[in-house]
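Descriptive structure summary
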Amino acid sequence: MGKVMKNWRYWLLAAVATAAAALLVGTPGDNAPGYWRMLVCSRLAGAALAYADVRLFVWFARRRKIDDLLECARESD
C-alpha cells in the first residue's frame, strides 16, 4: 500500500474524482442568482471530470503506469 501512496498518478486520479464528486453532489444556495444555470453547469462539469477521470485511469492502466494500484485492488478482493 505504501508503494501506491507514493505514486503521483494515484493522487491525480483521486483529486479529479474528488472534484467531480463535489460538483455532482453540491448545490448552489437557494437565493443564488441563476440557480438553475449554476446547477446544470455544475452537473455538466462534474460529469466531464468523471469522464476524464475514467479516461485517465484507462490510459494509465494500458501503459502499465498504475500496476501497483491494480495489484492492490486485486489483493483486497
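Just above, that's the structure.
The following paragraphs examine the structure supplied in this document.

Definitions and cut-offs
Residues numbered from 1 in each chain as written. Predicted model: local features only at pLDDT ≥ 70, side-chain atom pairs only at ≥ 80, totals over all residues. Heavy atoms only, no water. Phe/Tyr/Trp six-rings, centres within 6.5 Å; stacked < 30°, edge-to-face > 60°. Helix = DSSP H or I, 4+ residues; strand = E, 2+ residues; numbered from the N terminus. Buried < 20%, exposed > 50% of the residue type's maximum accessible area, 1.4 Å probe, protein only. Lys NZ or Arg CZ within 6 Å of the ring centre and 35° of its normal. Contact = heavy atoms within 4.5 Å. Salt bridge = Lys/Arg side-chain N within 4 Å of Asp/Glu carboxyl O. Patch = residues over 30% accessible without salt bridge, like charges linked within 9 Å, V, L, I, M, F, W, Y side chains within 5 Å. Areas by Shrake-Rupley, 256 points an atom, 1.4 Å probe, with all protein chains shown as cover. Lys, Arg positive; Asp, Glu negative; His and termini not counted. Charge placed at Lys NZ, Arg CZ, Asp CG, Glu CD.

**Brief notes about the packing of aromatic side chains**
Inspection of the entire model under this criterion finds 4 aromatic pairs. Relative to phenylalanine 60, the ring of tryptophan 8 has its centre 6.1 Å away and its plane inclined at 80°; by these criteria the two rings are edge-to-face. With tryptophan 8 in helix H2 (residues 8-25) and phenylalanine 60 in helix H3 (residues 35-62), this pair connects stretches of sequence that are 52 residues apart. We classify phenylalanine 60 as buried; its relative accessible area is 3%. Through pairs of rings, three or more aromatic residues link up here, namely Trp8, Trp59 and Phe60. Of note, arginine 9 hangs over the ring of phenylalanine 60, and the distance from its end group to the ring centre comes to 5.8 Å.

**Digging into the environment of proline 28**
One can find proline 28 in the loop between H2 and H3. Given a relative accessible area of 16%, proline 28 falls into the buried group. Taking C-alpha positions, proline 28 is 9.0 Å from serine 42, a pair spaced 14 residues apart along the chain. Setting aside residues up to four positions removed in sequence, proline 28 forms contacts with Tyr35, Met38 and Leu39.

**Focus: the pattern of salt bridges**
All chains considered together, the criterion is met by 1 salt bridge. Of the charged contacts, one joins aspartate 67 and arginine 64 as a salt bridge, the two residues approaching to 3.3 Å between their closest N and O atoms.

**Here's the deal with a positive patch on the surface**
On the surface, Arg55, Arg62, Arg63 and Lys65 cluster together to form a positively charged patch. When you line up the elements, arginine 62 lands in helix H3.

**What to know about the environment of alanine 19**
Within the secondary structure, alanine 19 is located in helix H2. When the C-alpha atoms of alanine 19 and alanine 50 are compared, they prove to be 8.6 Å apart, with 31 residues separating the residues in sequence.

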